[in-house]
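# Structural overview for review
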Amino acid sequence: MEIGIALPQYGTHARADRIAGFAREAEEAGFDSFWVGDRVLTPVAPSDLYPGHTPENPYPHQYKTFLDPLTVLTVAAGATSRARLGMSTLNGPWYPPALLARSLTSLDQVSGGRLDVGLGIGWLRDEYTAVGADFRKRGALLDELLDVLHGIWTQEEFGHRGPHWTIPVAHVGLRPVQPAGPPVYLGGFSPAALRRVGRRATGWVGAVLPPGAAEGLWDVARRAAEGAGRDPEALRRRIRCNPGPGATADAIAALLEGVRATGADGCFVDLQQSVDSPDEALELGVKVLGLLRG
């Protein structure tokens, strides 16, 4: 199982001056991939609660400071040469497809073809309001975005006319390094989200869930792949692990061992809610990596 780590991006870890060094040191330590998330707004009176939170504590307080995900990945790409670059997840419906395709293709070039695109639809209606996107149509927006990305990455001339976006037929001169474009993973935890994974994606960017829950969702994706005429064995899983404050290296390694036992292809650990600084996160992450690889 490939093992990754979240880059310094939010809360007290939002240190632009540490991104490059953190990525370089993490790659040297043996991490296989680097990851970012996507938050644009932390409302004073939010429309929705983060899963598992309460009105008094509606979302992780660290989310109040959040660096741009594509900028963070670009800095990390320039400082490294081997590790993959992933997103868990970029909220696809927030972005005009033509602009997002340009950014992702450029990042794939900058990284020498190391980009894994992870897309989701988010959970906070206030963020959709802030960026001018329709929360009620988020699934349809994501599907149309996937159509556009595929077209731009596979055609020399491309145009699109859909329910939400129109793109005049144009020459596509900017090409990704990876043939047919970077692999696209999709997030989400509903049956509808996993059916979309099975029909349309390279795989799933999930998270550590209660026993049995992830396996049930994965079965939904596999059945959807079969129904779409795709090989379910080709689907891949990248799983996020979010340890809480004070988590020890032994406890985190045990969580990742549990993920490995499910047959997941990769797992990454986000330590930005566990410790206070990028240096502490790297130190703890290297200990976890050592326990897993012995």
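The text that follows walks through the structure, step by step, so that each part is easy to find. (Residues numbered from 1 in each chain as written. Predicted model: local features only at pLDDT ≥ 70, side-chain atom pairs only at ≥ 80, totals over all residues. Heavy atoms only, no water.)

## Describing the sheet that holds strand β11 (residues 266-269)
What links the strands of a sheet is backbone hydrogen bonding, and the strands pair in either a parallel or an antiparallel sense. Put simply, the test is: One requirement defines pairing of two strands: DSSP has to find at least two bridges between them. Secondary structure elements are taken from DSSP: a helix is a run of H or I of four residues or more, a strand is a run of E of two residues or more, and numbering for both begins at the N terminus. Pairs of residues are marked as contacts when any of their non-hydrogen atoms sit within 4.5 Å. Orientation is described by axes fitted as lines to C-alpha atoms, over the contacting stretch for helices, and by angles from 0 to 180 degrees between their N-to-C directions.
If you walk across this open sheet you meet the nine strands as β3-β2-β1-β11-β10-β9-β8-β5-β4, and the pairing is parallel. Two strands in the sheet have a free side with no partner beyond their single neighbour: β3 (84-87) and β4 (90-91). The pairing of strand β5 (residues 117-120) with strand β8 (residues 184-186) spans three bridges and is parallel. Residue pairing in the sheet places Gly118 in a bridge with Tyr185 of β8. Those strands touched by helix α2 (residues 69-79) are β2 (33-36), β3 and β4, and its axis lies near 170° from that of β3.

## A word on the pairing of β5
For clarity, the cut-off: Each residue gets one of three labels from its accessible area relative to the maximum for its type: buried under 20%, exposed over 50%, partly exposed in between, using a 1.4 Å probe on protein chains only. With its strands directed away from the observer, a crossover is right-handed exactly when the path from the first strand over the helix to the second travels clockwise.
Along β5, one buried face is formed by Val117 and Leu119 and the opposite face, lined by Gly118 and Gly120, is buried too. Relative to β5, β4 is paired through two bridges, and the arrangement is parallel. Along β5, the bridge assignment pairs Leu90 with Leu119. Read as a crossover between parallel neighbours, the route from β4 over helix α3 (residues 97-110) to β5 is right-handed.

## What about the pattern of salt bridges?
Opposite charge on two side chains makes pairing possible when the charged atoms of those side chains draw close. What counts is decided by this rule: When a carboxyl oxygen of Asp or Glu lies within 4 Å of a side-chain nitrogen of Lys or Arg, that pair is called a salt bridge.
For the structure on display, the rule yields 18 salt bridges. Arg196 is paired through a salt bridge with Asp143; the nearest N and O atoms lie 3.0 Å apart. Here Arg196, found in helix α6 (residues 191-200), pairs with Asp143, found in helix α5 (residues 138-154); they are 53 residues apart in sequence, far enough to count as distant. Salt-bridge contacts for Asp143 lead to Arg200; the nearest nitrogen and oxygen are separated by 3.5 Å. Linking Asp143 in helix α5 with Arg200 in helix α6, this pair joins segments that are 57 residues apart in sequence.

## Comments concerning the packing of helix α1 (residues 19-29) against helix α9 (residues 278-293)
To keep it simple, the criterion reads: Roughly parallel means an angle under 35 degrees; roughly antiparallel means over 145; roughly perpendicular covers 65 to 115; every other angle is labelled oblique. Amino acids are sorted into nonpolar (Ala, Val, Leu, Ile, Met, Phe, Trp, Tyr, Cys and Pro), charged (Asp, Glu, Lys and Arg) and polar (every other residue, Gly among them).
Packing of α1 against α9 leaves a shortest axis separation of 11 Å and a crossing angle of 10°. By the angle class used here, α1 and α9 are roughly parallel. The segment α1 lies against α9, with Phe22, Glu25, Ala26 and Ala29 engaging Pro278, Ala281, Leu282, Val286 and Leu289. Partitioning the contact of α1 with α9 into residue classes produces eight nonpolar, no polar and one charged.

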